[in-house]
Amino acid sequence: MPASTPTSPPAYHDYFRTLHDLLDTVRKDEAGAIDAAAHRIATALRDHKRVALFGTGHSSLLALELCGRAGGLTGIEIIHNATLSMAEGLSKSTAAERLGGYGEMLVREARLAAGDVLLVISNSGRNAVPVEALATARALGVHTIALTSLAHSQSTAPRQPAPGRLFDYADIVLDNHGAPGDACVDLPGVAHAVGPTSTVVGAAILQAVALRAMELLAASGHPPDVYLSANVDPMAAQ
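This write-up is about the structure you can find in this document. Here the structure is a predicted model, which is why all the values come from computation and not from measurement. (Residues numbered from 1 in each chain as written. Predicted model: local features only at pLDDT ≥ 70, side-chain atom pairs only at ≥ 80, totals over all residues. Heavy atoms only, no water.)

If you walk through the whole model with that rule in mind, you get 2 aromatic pairs. Ring plane angle 85° and centroid distance 6.2 Å describe the contact between Tyr12 and Phe16, whose orientation is recorded as edge-to-face. With Tyr12 and Phe16 both in helix α1 (residues 11-29) and 4 residues apart, the pair spans about one turn of that helix. Since its relative accessible area comes to 53%, Phe16 is described here as exposed. By the ring-pair criterion, three or more aromatic residues cluster together here, those being Tyr12, Tyr15 and Phe16. (Phe/Tyr/Trp six-rings, centres within 6.5 Å; stacked < 30°, edge-to-face > 60°. Helix = DSSP H or I, 4+ residues; strand = E, 2+ residues; numbered from the N terminus. Buried < 20%, exposed > 50% of the residue type's maximum accessible area, 1.4 Å probe, protein only.)

Structural data, given as structure tokens:
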């Protein structure tokens, strides 16, 4: 494609500006929820309970974000399913996350128990699998945390057979403040908005929760075990 001389800044300037504004909003408005989630996770790890993350589709990337991460907490688990993570294709993953009973099965197979923590990520918070997973966990006495877009979730009905929306079953809700539909930039000649925000903002929220949990553990005399990058010489890191 030949280069053109733009008459205005490229659209990615708007994208970065939106992300900056969203991150600043989250820093201010979600501080209480971030702190609450961090306390819950820190307490579970201190008490040798389990902390697990789960997401479907692109939300599975965010579940992976806290697992085995350089500079991150050890002891964080992911409930992984190849079909739901798009490893077997987008259409199959989309269809599977709408199946009733699948989320409950995955949580029960994970053998989560009272006192453990389950954090489920779903931007829309309306599909059966993530909602049923959190509902099942809560019924088992597991502490439940949701990472979602409240604006999106509140603007649409649960998709049957989901029993409700994700935030209905969460003890703590982390709101990514994204717009319904996730995308935030309008391009001339393009039918729909582009530039999703949920992955970037969601990853920042999760890392903030983890960082705060590590801070709390260290302050209470229980310094956390932290992953060192496999690509850094341990001696060089000291």
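This model, assessed by the stated rule, comprises 11 salt bridges. In this structure, Glu215 engages Arg212 in a salt bridge whose closest nitrogen and oxygen atoms are separated by 2.8 Å. With a gap of 3 residues between them, Glu215 and Arg212 both fall in helix α8 (residues 198-219), about one helical turn apart. Note on Arg212: relative accessible area 25%, which makes it partly exposed. Salt bridges here are not isolated pairs; linked through shared partners, they connect Asp24, Arg27 and Lys28. (Salt bridge = Lys/Arg side-chain N within 4 Å of Asp/Glu carboxyl O.)

Next up on the list: helix α2 (residues 31-46). Taking 1.5 Å per residue, 16 residues should reach 22 Å; α2 reaches 22 Å between its end C-alpha atoms and fits that length. Buried residues of α2: Ala33, Ile34, Ala37, Ala38, Ile41, Ala42, Ala44 and Leu45, and no others. One side of α2 holds all its buried residues, which, seen down the axis, span an arc of 165°. Count one or two residues on from α2 and you reach His48, which has phi positive near 60°. (Expected span 1.5 Å × (residues − 1). Arc of directions from axis to C-beta.)

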